[in-house]
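Examining the three-dimensional arrangement
Next come the chains, spelled out residue by residue.
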Amino acid sequence: MASNSCNEACVVENGGLKGSSKETRPGRTAHNMSSSSLRKKSDIALVSKVPCRSLRRLLANLQEVILGTKLSILFPAIPLAIVAEFYGFGRPWVFALSLLGLTPLAERVSFLTEQIAYYTGPTVGGLLNATCGNATELIIAIFALSQHKIEVVKYSLLGSVLSNLLLVLGTSLLCGGLANLRKEQKYDRRQADVNSLMLLLALLCHLLPMLFRYAGSPAALMADPTLSLSRASSVVMLLAYVVYIFFQLVTHRQLFEAQESEEEDDNTASGEEAVIGFWSAFVWLVGMTLVIALLSEYVVATIESASASWGLSVSFLSIILLPIVGNAAEHAGAIIFAFKNKLDISLGVALGSATQIAMFVVPLCVVVAWIMGIKMDLNFNLLETGSLALSIIVTAFTLQDGTSHYMKGLVLLLCYVVIGACFFVLRTPFADQPNMNNLELKLPTEAVFRT
């Protein structure tokens, strides 16, 4: 009786539960596997004793969605951020609380898309994962665009790519190498090769608009051609990403599915099933997305105040802090699987997220800005584009032989530290701060007269 009540509380909308056998279970991607490492199994024995059916459904969903993650301790940061904004507390506090609140939400979005995939099938589930996998970065970017903070958009997206290629992948290879010193760590090169090719295409689309500025003509004359080239390149990148998704989900699906060992599959087979219904998962997904949008608006609105209060540049906060905190759950999962000598999953998370940001989120922001009448191009300036180019090249060289050891991870991690130090000391005035530019031009003149 308790078992029947338990099943009824968990899945109610579709009148049944899809089996968890290999034949009916959707193929699990590296992102799904990574996020699942931070989930905890819910004990709904107490919930099943609630006599009211509607209340039992609600409590079961709350337990699975809110308490079903090891990051549930960070959920109180969400109402605290809203209260801090409503009552006008310090802007840096709103920024910090909003960032903390985004951490569990990103992991829960991955959980909900996986739940929906049990009902829609692996292809639709894969499309949902491809769309919502980096929802936090996309929503933050759109809010920043709406406030004409183009530099924040560029810095945050660049930071997401750099953190995935150097920080996440480097830490995973380092920890995996140290934990498996006496084992030879191997991974499938084919997935890494495909992602590396996509990243190199993205790099080309970033390099050409930047090189336009150094083609010999005055910068004012090259502004419109640079913008036109960026928009055309963005359309090409989006088309390439659509083909990449078709390649990933249809023709070469086996390259991107996370490979689970026989022993692990037997141990987890009973737990690999939908725990909430389709419509419950859909409603929760919409609700989580709205909360992410609210917190993203807070982050964008308070980033300058946090920069001034903490003495850190906006570029450092956007490139280093935002990507680390926003995707902490996914990053932690990649490192955990590297400890278990499952580098294919770790590589799938790091390279997959970097490819998604570079080939989908960045060009989509350019197109959205185009629709909004905002002039956003793919010129990320010399230092930023150079950092991106070196990161992609170093990562491609690191993954070329299909084996790994801790030295490779250490080198990638040190590259990230050096780039982080560079943006820590860099104080670049933004284009939307003309007063700061005038101040910087006047200061040297005043200093000359004083001397």
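Computed from a predicted model, the values in this text were never measured in an experiment. (Residues numbered from 1 in each chain as written. Predicted model: local features only at pLDDT ≥ 70, side-chain atom pairs only at ≥ 80, totals over all residues. Heavy atoms only, no water.)

**Examining the overall build of the protein chain**
Convention followed: Helix numbering and strand numbering both begin at the N terminus, where a helix is a DSSP run of H or I of at least 4 residues and a strand a DSSP run of E of at least 2. Burial status follows relative accessibility: with a 1.4 Å probe on protein chains alone, a residue under 20% of its type maximum counts as buried, one over 50% as exposed, and anything between as partly exposed. Per-residue accessibility takes into account occlusion by the displayed protein chains alone, with areas from the Shrake-Rupley method and a 1.4 Å probe.
Looking only at helices and strands, the protein chain has 18 helices and two strands in total. Going through the 451 residues of the protein chain one by one, you find that 53% of them count as buried. Just so you have it, the protein chain exposes about 20300 Å², and 67% of that area is on carbon and sulfur atoms.

**Details of the confidence of the model for the protein chain**
To keep it simple, the criterion reads: Values of pLDDT, which run from 0 to 100, indicate the predictor's confidence residue by residue. Contacts are assigned to residue pairs with any non-hydrogen atoms lying within 4.5 Å of each other.
Looking at the protein chain, pLDDT values average 78 and 75% of them are 70 or higher. Low pLDDT, under 50, characterises residues 260-271; the stretch is placed with 12 contacts to residues that sit more than four places away or in other chains.

**Some points on the packing of helix α5 (residues 91-120) against helix α12 (residues 278-310)**
Between two packed helices, what matters for the description is the angle formed by their axes and the separation of those axes. To be explicit about the condition: Angles shown run from 0 to 180 degrees and are taken between the N-to-C directions of axes, each axis being a line fitted to C-alpha atoms and, for helices, limited to the stretch in contact. Roughly parallel here means an angle under 35 degrees, roughly antiparallel means over 145, roughly perpendicular means 65 to 115, and every remaining angle is called oblique. Crossing handedness is defined as follows: a turn of the near helix away from the far one that is anticlockwise and smaller than a right angle gives a left-handed crossing, while the clockwise case is right-handed. Residues were grouped as follows: Ala, Val, Leu, Ile, Met, Phe, Trp, Tyr, Cys and Pro as nonpolar; Asp, Glu, Lys and Arg as charged; and all remaining residues, including Gly, as polar.
Packing of α5 against α12 leaves a shortest axis separation of 7 Å and a crossing angle of 155°. With respect to their mutual orientation, α5 and α12 come out roughly antiparallel. Considering the relative orientation of α5 and α12, their crossing is left-handed. Considering only residue class, the contact of α5 with α12 consists of 26 nonpolar, nine polar and two charged.

**Focus on the packing of aromatic side chains**
What counts here: Paired rings are identified among Phe, Tyr and Trp, the last through its six-membered ring, by centres lying within 6.5 Å, and are further divided according to the angle between planes into stacked (under 30 degrees), edge-to-face (over 60) and tilted (the rest). Here, over-ring charges are defined by two tests on the NZ atom of lysine or the CZ atom of arginine: distance to the ring centre within 6 Å, and angle to the ring normal within 35 degrees.
If you walk through the whole model with that rule in mind, you get nine aromatic pairs. Considering the side-chain rings of Tyr119 and Phe278, the 6.3 Å spacing of their centres and the 75° angle between planes classify their relative orientation as edge-to-face. Taken as a pair, Tyr119 in helix α5 and Phe278 in helix α12 lie far apart in primary sequence, 159 residues in all. Phe278 gets classed as buried once you look at its relative accessible area, which sits at 18%. Aromatic pair Phe278 and Trp279: ring centres 5.1 Å apart, planes at 80°, arrangement edge-to-face. The partly exposed category is assigned to Trp279, whose relative accessible area is 49%. By the ring-pair criterion, three or more aromatic residues cluster together here, those being Tyr119, Phe278, Trp279 and Phe282. Seen from the ring of Phe337, Lys340 lies directly overhead, with NZ or CZ sitting 5.3 Å from the centre.

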